Protein chains: 2
Amino acid sequence: MERNTVTLFETIVTLLENKKYATLRDILSTMNPVDIAGVFEDIQDEKTAILFRLLPKELAAEAFVEMDDDTQELLIHGFSDTELKEVIDELYVDDAVDIIEEMPANVVKRILRQTDPDVRKQINEILKYPEDSAGSIMTTEFVKLRPKMTAEEAIKRIRRTGIDKETIYTCYVSDEHSTLIGIITIKSLLLAEDDDIIENIMETNVISVNTLDDQENVVQVFNKYNFLAVPVVDKENRLVGIVTVDDAIDVMEEEATEDIQKVAAITPTTDKPYDKVTVIETYLSRIPWLLILMISATFTGMIINGFEKKLDACLALAAFIPMLMGTGGNSGSQSSVTIIRSLSLGEIEFKDIFKVIFKECRVSLLCGVTLAVANFIKMTLIDEMLLNTEGVDWQVALVVSLTLVVTVFFAKFVGCSLPMLIKKLGFDPAVVASPFITTIMDALSLTVYFVIATAVLNI
Amino acid sequence: MERNTVTLFETIVTLLENKKYATLRDILSTMNPVDIAGVFEDIQDEKTAILFRLLPKELAAEAFVEMDDDTQELLIHGFSDTELKEVIDELYVDDAVDIIEEMPANVVKRILRQTDPDVRKQINEILKYPEDSAGSIMTTEFVKLRPKMTAEEAIKRIRRTGIDKETIYTCYVSDEHSTLIGIITIKSLLLAEDDDIIENIMETNVISVNTLDDQENVVQVFNKYNFLAVPVVDKENRLVGIVTVDDAIDVMEEEATEDIQKVAAITPTTDKPYDKVTVIETYLSRIPWLLILMISATFTGMIINGFEKKLDACLALAAFIPMLMGTGGNSGSQSSVTIIRSLSLGEIEFKDIFKVIFKECRVSLLCGVTLAVANFIKMTLIDEMLLNTEGVDWQVALVVSLTLVVTVFFAKFVGCSLPMLIKKLGFDPAVVASPFITTIMDALSLTVYFVIATAVLNI
């Protein structure tokens, strides 16, 4: 698939240079809008305006929606007002909103000037909802049916008005107060008798989201129920829009990427793909955490300084510091990342905290004891007897092994409870994940190590 | 929503104990299959068989599909052969395959005995495909149309046969050799004139996947093109099935969870939610990496041992080891996790490796220099002048700062190139992520540290 795209791209560029417009039109007309958008992004100069004019109107709008901000802006600058209006008229309202949100103020003004007053009102409605809310990602173009209609009338209505709707596959039934009372799929409509009444065949157990719900909740509904669209209602339970599955998928991938980034101590600043992010943007998303973690690691250094005399007394202890800190960090991350992901997917909630802690404690004891036994055998058999490492005896092995058990226990305890508490306080649990917990664990495991060493070795 | 489910659950249990079956039937009939499945999972005893018999046939099958393996197995054990056949007959083929894959052999035999020979053949076809391939997640029940049909004939055909199809929203047009030649949505069919011929109005630029493609590729197609279903073809380009968006979403979340788990050094062994995984399963998915990483951290210890005399000569150096190792690990994870996610989403490929390395190198120099400057100022102003820390002077500060620049550079270089190489070799890049790179970086940063210290401090 990829190889074909490349060859095709070269052909298109050559044809464009040779002004073979008729051929170009034929080629572009057979292509998927997403692939056309890719061609425009790769060309990215004034010539794209010529290419854009070759596209059939509907395909042009579909491809336009799929392009990145820069390419869209470049095209808009080349558009006459009439051309701009033509494109805007073809867009779904939620796509128009997405574009407007990314454009500079002067371009937004120009777009809104070319928009029908009716659509402009809808756009402004959606723009009012807070970022990342259900309202901000919904569309207001959906099929509304009345409860007393027959299946035949409903299908006629869909055939008449469906062209402008983002989906016709799920239709929404509301009463005279615009209250959502049922949904019906086009599959049920087509399989029903012509004179069946909608209110008798519709699904009345409707699952909806609220305009102010977080988009993460919307995604959880899609995950749980396998819907193609979810209705969005306001505080008075009035139907104001729908979120379609394609938009939910975008949010899903975005949220998963954000979780992964935060776990790796990256500030998610942009939803652009890797190859579109500049070096400076990448730098800015990474340096804050590196700085914070560097400063916080100073405390670990201070702990080592504080125990310098004990290290002097038993230099062999120093060699095991990296292993203990590493194991503590890894154990903590395992728990925190598991919990963060389960919270994201809605598998667990704050009320499960004691169940979660109890489970993690049992797992941590199993892990800790396994590691301690493996370590004790390794240190006494390999380090002491085989390699004859200076200063390593069964007492040192005991200190390291005991530290492992305690450290892994603390690591899993902190790793599972901290994200849940943070979430309960209304913050994002992913930001406290691995790196932060690693720093806490570094300090904790060192302290445990030196305390146990002092007790066992009498130093 | 959650609160309602709980109250409702208690009501259902009470009604079941009091044998109010008519009321129960009324309540269950209004519920969503997913929520019904939740009720069955929470009850999980023999009584569920009674409850199941109260459900209307179609709803019963829909709820059955949504239950977890244990509940399904429990129900199947309680079914008579006739009941089992009734449920199986209502299932879509791909759902039947999912269930069969999770059941013990004797249950599978019983299920297949109750299946129509025709359906059994389809099930066996799908079972033949390798795990995680497109073939293994597809369904064979879709609407097939002929190119010469009119729109009216097509809609009639859909109304006649649609009830058994998993989706009727995208229909597939194939020629007499079963070769896929086009697709048409029901939206286009409904909006077309009655006598329009399919081959004139269908979409001919069809994007399909191969039966043997990895399910990750299938997900990438959904991500890129916003489809509701993707056709699956065999080597001869014959249409054999489709993957619907709801199954793609499941794969999407599963793959994202797996990536997150691997980044946190957890072996993904199961796709069950957190609260369904046993303590032993959790232990087994976590202990292998903890053991491997513990052993590999031994090398870090050996490096420290090797430089013991230099540490003795300048004890102040020891205090900065955790910070340097931490920063190296964090820098490496940032790059590796970013690259792993971009590879998963199909944003970059192996051919981009030099572009990626070039970009990461520039980012690493920016990060490294920023950290080095911040560290130098902190060490000379705070550690040396303010706190008067023993042994810290501007030369030690220089050693630590230089080490930061070199370490961050190596960390980002290894962090971005290793996952791409591993992927190229046909392995999963996520398994080499953070923890492994952290171990490599620990060893590397220590070596760099001691080499620079030897040179600058003449020890």
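Residues numbered from 1 in each chain as written. Chains lettered and ligands numbered in written order. Predicted model: local features only at pLDDT ≥ 70, side-chain atom pairs only at ≥ 80, totals over all residues. Heavy atoms only, no water.

**Notes on the overall build of chain A**
Each helix and strand counted, chain A has 22 helices and six strands in total. On C-alpha atoms alone, chain A measures out to a radius of gyration of 30 Å, which is more than a quarter above the 23 Å that the 2.2 N^0.38 rule sets for 459 residues. With respect to the three principal axes, the spread of C-alpha positions in chain A is 90 × 60 × 40 Å. Per-residue burial over chain A gives 54% buried out of 459 residues. When contacts within chain A are restricted to residue pairs at least 6 apart in sequence, those whose partners lie at least 24 apart make up 68%. (Helix = DSSP H or I, 4+ residues; strand = E, 2+ residues; numbered from the N terminus. Rg over C-alpha atoms; globule rule 2.2 N^0.38 Å. Buried < 20%, exposed > 50% of the residue type's maximum accessible area, 1.4 Å probe, protein only. Contact = heavy atoms within 4.5 Å.)

**Some thoughts on the interface of chain A and chain B**
At the interface, 109 residues of chain A touch 109 residues of chain B. Summed over both partners, the interface of chain A with chain B buries about 9900 Å², with 65% contributed by carbon and sulfur atoms. Remark: the boundary between chain A and chain B carries eight salt bridges. The interface formed by chain A and chain B contains 26 residue pairs in polar contact (both at pLDDT 80 or more). If you tally residues by element for the side of chain A that touches chain B, the top one is helix 17 (residues 279-306) of chain A, at 16 residues. Per-class residue counts for the side of chain A that touches chain B are 59 nonpolar, 25 polar and 25 charged. (Buried area = accessible area lost by both parts, 1.4 Å probe. Salt bridge = Lys/Arg side-chain N within 4 Å of Asp/Glu carboxyl O. Polar contact = N/O pair within 3.5 Å; in protein donor to acceptor, adjacent residues only side chain to side chain. Nonpolar A, V, L, I, M, F, W, Y, C, P; charged D, E, K, R; others polar.)

**Section: the packing of aromatic side chains**
Residue and element names in this part refer to chain B. Counted according to the given criterion, the structure contains 17 aromatic pairs over all chains. Look at Phe 52 and Phe 64: their rings are 6.1 Å apart centre to centre, the planes differ by 70°, and that puts the pair in the edge-to-face class. In this pair, Phe 52 is assigned in helix 4 (residues 47-54) and Phe 64 in helix 5 (residues 57-66), connecting sequence segments 12 residues apart. By the burial criterion, Phe 52 is buried, and Phe 64 matches it. With a centroid separation of 5.7 Å and an interplanar angle of 35°, the aromatic rings of Tyr 449 and Phe 450 are classed as tilted. (Phe/Tyr/Trp six-rings, centres within 6.5 Å; stacked < 30°, edge-to-face > 60°.)

**As for the pairing of strand 6 (residues 239-244) of chain B**
Residues and elements named next belong to chain B. Taking burial as the measure, the six residues of strand 6 include five buried ones, the bulk of the element. Examined bridge by bridge, strand 5 (residues 229-233) and strand 6 share five bridges and lie antiparallel to one another. Looking at strand 6, one finds that Val 232 is bridged to Gly 241. Here strand 5 folds back onto strand 6, and the loop between the two strands holds five residues, one of which, Asn 237, carries a positive phi near 65°. (Pairing = 2+ DSSP bridges.)

**Details of the nonpolar core**
With 82 residues, the main nonpolar core has B:Leu51, B:Phe52, B:Phe64, B:Ile111 and B:Phe222 as its most contacted residues. Within the second largest apolar cluster, 41 residues are counted, among which are A:Phe79, A:Leu84, A:Ile88 and A:Met103. (Core = buried A, V, L, I, M, F, W, Y, C linked by side-chain atoms within 4.5 Å.)

**Let's talk about helix 17 (residues 279-306) of chain B**
The terminal C-alpha atoms of helix 17 of chain B, which comprises 28 residues, lie 40 Å apart, in line with the 40 Å expected from a rise of 1.5 Å per residue. When the local axis directions of helix 17 of chain B are compared, the greatest deviation, roughly 30°, occurs at B:Arg286, which is followed within four positions by the proline B:Pro288. (Expected span 1.5 Å × (residues − 1). Bend = angle between axes of the 7 residues up to and from the residue.)

**Things to note about the relation of the copies chain A and chain B**
For these two chains of identical sequence, chain A goes onto chain B by a turn of 180° and a shift of 0.0 Å along the axis, with RMSD 0.2 Å. The symmetry that links the two subunits is that of a two-fold axis. When the interface residues of chain A are mapped onto chain B, 100% of them are again interface residues, pointing to one common binding face. (Least-squares fit on C-alpha atoms with pLDDT ≥ 70 in both.)

**Quick notes on the environment of A:Pro104**
If you trace the backbone, A:Pro104 turns up in the loop between helix 8 (93-102) and helix 9 (105-113). With 276 residues separating them in the primary sequence, A:Pro104 and A:Thr380 have C-alpha atoms 67 Å apart.

**Some thoughts on the environment of B:Ile12**
Residues and elements named next belong to chain B. You can see Ile 12 is positioned in helix 1 (residues 2-17). Residue class for Ile 12 comes out buried when judged on its relative accessible area of 0%. Remark: the alpha-carbon pair of Ile 12 and Thr 407, spanning 395 residues in sequence, is separated by 62 Å. When residues no more than four places from it in sequence are discounted, the contact partners of Ile 12 are Leu 24, Ile 27, Leu 28, Met 31, Val 39 and Leu 51.

**Digging into the confidence of the model for chain A**
Residues and elements named next belong to chain A. Chain-level statistics for chain A give a pLDDT mean of 85 and a share of 97% at 70 or above. Ranking the elements of chain A by mean pLDDT puts helix 1 (residues 2-17) last with 73 and strand 4 (residues 209-210) first with 94. Here the complex is predicted with pTM 0.77, and the ipTM for its interfaces comes to 0.75. (pLDDT = per-residue confidence, 0-100.)

**Some thoughts on the sheet that holds strand 2 (residues 167-174) of chain A**
Within a beta sheet, neighbouring strands are joined by backbone hydrogen bonds and run either parallel or antiparallel to one another. Residue and element names in this part refer to chain A. Ordered by their spatial adjacency, three strands build an open sheet running 1-2-3, and the pairing between neighbours is mixed. This sheet does not close on itself; its edge strands, each paired only once, are strand 1 (142-145) and strand 3 (180-185). Neighbour-to-neighbour, the strand axes of the sheet open up by a mean angle of 35°, direction not taken into account. Strand direction decides the pairing type here: strand 2 and strand 3, joined by five bridges, are antiparallel. Bridged to Tyr 172 within strand 3 is Ile 183. Taken strand by strand, helix 12 (residues 151-161) contacts strand 1 and strand 2, and its axis lies near 150° from that of strand 1. (Axes fitted to C-alpha atoms, helices over the stretch in contact; angles between N-to-C directions.)

**Topic: unusual backbone geometry**
With the exception of glycine, the majority of residues adopt a negative phi angle, and the majority of peptide bonds are in the trans configuration. Despite not being glycine, A:Ser178 has its phi angle at roughly 65°, a positive value. Note that A:Ser178 resides in the loop between strand 2 and strand 3. Residue B:Asp132 is not a glycine yet carries a positive backbone phi of 65°. Here B:Asp132 shows up in the loop between helix 10 (117-128) and helix 11 (134-137). The exposure class of B:Asp132 is partly exposed, given its relative accessible area of 33%.

**What to know about the sheet that holds strand 3 (residues 180-185) of chain B**
All names here are of chain B. Strand order in this open sheet of three strands is 1-2-3, and the pairing throughout is mixed. Two strands in the sheet have a free side with no partner beyond their single neighbour: strand 1 (142-145) and strand 3. Averaged over all neighbouring strand pairs, the angle between strand axes comes to 35°, with direction disregarded. Strands in contact with helix 12 (residues 151-161) are strand 1 and strand 2 (167-174); relative to strand 1, the strand with the most contacts, it is inclined by about 150°.

**Digging into the side chain of A:Thr403**
When you line up the elements, A:Thr403 lands in helix 21 (residues 394-424). When neighbours within four sequence positions are excluded, A:Thr403 is seen to be in contact with A:Leu324, A:Ser445, A:Val448, A:Tyr449 and A:Ile452.

**Remarks on the pairing of strand 5 (residues 229-233) of chain A**
Residues and elements named next belong to chain A. Most of strand 5 sits out of view: five of its five residues are buried. Of the two faces of strand 5, the one carrying Ala 229, Pro 231 and Val 233 and the one carrying Val 230 and Val 232 are both buried. Inspection of the sheet shows strand 4 paired to strand 5 by two bridges, in the parallel sense. Bridging across to strand 5, Val 209 finds its partner in Val 232.

**Description of empty space enclosed by the protein**
Taken as a whole, this structure holds five cavities of 30 Å³ or more when the rule is applied. As a volume, the second largest cavity reaches approximately 230 Å³. As for the second largest cavity, its lining consists of 18 residues, and the residues nearest its centre are A:Ile304, A:Leu311, A:Ala318, B:Leu311 and B:Ala318. Within the residue set of the lining of the second largest cavity, elements represented by two or more residues are helix 17, helix 18 (308-313) and helix 19 (321-344) of chain A together with helix 18 (308-313) and helix 19 (321-344) of chain B. Grouping the constituent residues of the lining of the second largest cavity by class yields 13 nonpolar, one polar and four charged. (1 Å grid on protein atoms, 1.4 Å probe; cavity = no way out; pocket = protein on both sides within 12 Å on 5 of 7 lines; lining within 4 Å. Points joined across faces, edges and corners; volume = space filled by probe spheres on them.)

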